[in-house]
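# Understanding the architecture of this molecule
Below are the chains, spelled out letter by letter.
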Amino acid sequence: MGFSVTFWGVRGTIPCPMASHLGFGGNTSCVEVQAGKQRIIIDAGTGLRMLGRKLLAEGVTSATLLLSHTHLDHISGFPFFAPAYTKGFDLRVISGHLTGSPDIESVMARQMERPLFPVPLRTMGGNLSFLEVPPGHSFKLEGGVRIHTAALNHPDGATGYRIEYQGRSVAYVTDTEHVPDQPDRNILNLVDGVDLLLYDSTYTDEEWAQRVGWGHSTWMEAVRIARAAHVKTLGLFHHDPDHDDAAMERIEAAAKAEFPNCFAAREGTTISLD
């Protein structure tokens, strides 16, 4: 069945449905990983809506949703995920950044309560289950898929993921803020030798200096992490809404000059890891 990554949303903060952003895409974070028969979704940004329609069209009956965290740009697509309303569809939702109360099910339900949303979570007809996996733990999915987790440096917490299947691997590391000249050991351990790293590249180093404390990183730090951890391919991810297509092309070119096996994630593209 293969091992692949498809981008359904690559933006951070807020959707950008403008012509100036369509080359890279305007939906917020959502990535589909196919690992054999497993359908793994990472984050539930606005890109999740179109992914849901595709899964139903293909007759898929189950999926695992890994949430990096529950800021709105990473969960606002969940109420529009058609498979969750479909009888017989099994959806397992996994998060790791919450400690104590509220739990992940309560948080996902809250955004669907009035006056925020007219249709409550309890009316979803699918078979939904919610699970907390503390950062630093690993777990297995059916079919030989193994997932490792790590804590990230982000307001309210966030979790990074590494997915391994048949000797290949992809790591998803967003949203996280780096400390200059102090590479995050949690991240380095998580992404060591990974075939594909998707990293929070919201800002340039110059932009980041004006936004310390906002919980994000830079494409330049992504390159530094990729070099230090012997990453094979680097994908810049979580694009700033102020970076239109022209700005993203400049960022991608600058990053490739520093780390040739690098690209800026574009909505709708698929990367094979076979």
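Residue positions are given per chain, counted from 1 along the sequence in the order it is written. Given that this is a predicted model, residues contribute local features only at a pLDDT of at least 70 and side-chain atom pairs are listed and counted only at 80 or more, while totals for whole chains, interfaces and linings are drawn from all residues. To obtain the side-chain values, all non-hydrogen atoms of the structure were included, while hydrogens and water were left out.

Labelled according to an unreviewed UniProt entry, the chain appears under the name Phosphoribosyl 1,2-cyclic phosphodiesterase, originating from Azospirillum oryzae.

### Section: the overall build of the chain
Note the cut-off: Under the scheme used here, helices are H or I runs from DSSP no shorter than 4 residues and strands are E runs no shorter than 2 residues, and both carry numbers assigned from the N terminus. Only protein chains enter the calculation, and the probe is 1.4 Å; a residue is then buried if its accessible area is under 20% of its type maximum, exposed if over 50%, and partly exposed in between. Using a 1.4 Å probe, the Shrake-Rupley method yields the accessible areas, and only the shown protein chains count as cover for residues.
The helix and strand inventory of the chain stands at six helices and 14 strands. Expressed along its principal axes, the backbone C-alpha trace of the chain runs to roughly 50 × 40 × 35 Å. Within the chain, the proportion of its 274 residues that are buried is 56%. Total accessible area on the chain is roughly 11700 Å²; 53% of this is exposed by carbon and sulfur atoms.

### As for the nonpolar core
Definition in use: We define a nonpolar core as any set of buried Ala, Val, Leu, Ile, Met, Phe, Trp, Tyr and Cys residues linked to one another through side-chain atoms lying within 4.5 Å. Contacts are residue-level and defined by heavy atoms, with any inter-residue pair within 4.5 Å sufficient.
Core analysis: the biggest nonpolar cluster contains 28 residues, and Val-173, Val-191, Leu-197, Tyr-199, Leu-234 and Leu-236 have the highest contact counts within it. Going through the elements one at a time, β8 (145-152), β10 (168-173), α3 (185-191), β11 (196-200), α5 (219-228), β12 (233-237), α6 (245-258) and β13 (262-264) are the ones with two or more residues in this core. In terms of residue count, the dominant contributor to this core is α5 (five residues). If we ignore the near neighbours within four places in the chain, the residues touching Leu-234 are Leu-197, Tyr-199, Ala-222, Val-223, Ala-226, Phe-259, Asn-261, Cys-262 and Phe-263.

### Quick look at the pattern of salt bridges
We count it as follows: Any Lys or Arg side-chain nitrogen located within 4 Å of an Asp or Glu carboxyl oxygen qualifies as a salt bridge.
The full count for this structure, using the stated rule, is eleven salt bridges. A salt bridge links Lys-54 to Glu-58, with the shortest nitrogen-to-oxygen separation between them at 3.2 Å. Across the pair Arg-266 and Glu-252 runs a salt bridge, and its minimum N-O distance is 2.8 Å. With Arg-266 in the loop between β13 and β14 (270-272) and Glu-252 in helix α6, this residue pair connects regions lying 14 residues apart in the sequence. Residue Arg-266 is classed as partly exposed on the basis of its relative accessible area of 26%. Taking the relative accessible area as the measure of exposure, Glu-252 reaches 11% and is therefore buried.

### Topic: the packing of aromatic side chains
Selection criterion: Any two rings among Phe, Tyr and Trp, with Trp reduced to its six-membered ring, count as a pair given centres within 6.5 Å; such a pair is stacked if its planes are under 30 degrees apart, edge-to-face if over 60, and tilted if neither.
Scanning the entire structure with this criterion turns up six aromatic pairs. For the ring pair Phe-3 and Tyr-165, a centre distance of 5.6 Å and an interplane angle of 75° mean the geometry is edge-to-face. In this pair, Phe-3 is assigned in strand β1 (residues 3-9) and Tyr-165 in strand β9 (residues 158-165), connecting sequence segments 162 residues apart. No difference in accessibility class separates Phe-3 from Tyr-165, as the two residues are buried. Judged by centre distance (6.3 Å) and plane angle (35°), the ring pair of Phe-7 and Phe-237 falls under tilted. With Phe-7 in strand β1 and Phe-237 in strand β12, this residue pair connects regions lying 230 residues apart in the sequence. Across the pair, Phe-237 and Phe-7 agree in class, each one buried. Following the ring pairs from residue to residue traces out a cluster consisting of Phe-7, Tyr-172, Phe-237 and Phe-263.

### Considerations on α6
Worth spelling out the cut-off: One fewer than the residue count of a helix, multiplied by 1.5 Å, yields its expected span. As used here, the arc is the angular range of directions from the helix axis to the C-beta atoms.
Here α6 is 14 residues long and its end C-alpha atoms lie 20 Å apart, about the 20 Å a rise of 1.5 Å per residue gives. Taken together, the buried positions of α6 are occupied by Asp-245, Ala-247, Met-248, Ile-251, Glu-252 and Ala-255. Angularly, the buried residues of α6 cover 155° about the axis, an arc narrow enough to put them on a single face. In this structure, α6 carries Arg-250 and Ala-257 as exposed residues pointing more than 90 degrees from its buried face. For α6, the secondary structure elements touched by its buried residues are α5, β12 and β13.

### Side note on the environment of Thr-99
For Thr-99, the position within the fold is in the loop between β5 (90-95) and α2 (104-110). Sequence separation between Thr-99 and Asp-156 is 57 residues; the distance between their C-alpha atoms is 9.9 Å.

### Topic: the sheet that holds β11
Cut-off, in case you're wondering: When DSSP finds at least two bridges between two strands, those strands are taken to pair. Each axis is a line fitted through C-alpha atoms, and for a helix only the stretch in contact is used; angles between axes span 0 to 180 degrees, taken between their N-to-C directions.
Spatially, seven strands are ordered β7-β8-β9-β10-β11-β12-β13 in an open sheet, and the strand pairing comes out mixed. The open sheet is flanked by β7 (138-141) and β13, the only strands paired with a single partner. Geometrically, the sheet is characterised by an average inter-axis angle of 20° between neighbouring strands, direction not taken into account. Sheet topology places β11 next to β12; five bridges connect them, and they run parallel. Among the inter-strand pairings, Leu-198 is bridged to a residue of β12, identified as Gly-235. Sitting on the sheet, α5 touches β11 and β12, and the angle it makes with β12 is about 155°. Its contacts with the sheet put α6 on β12 and β13, and the angle it makes with β13 is roughly 170°.

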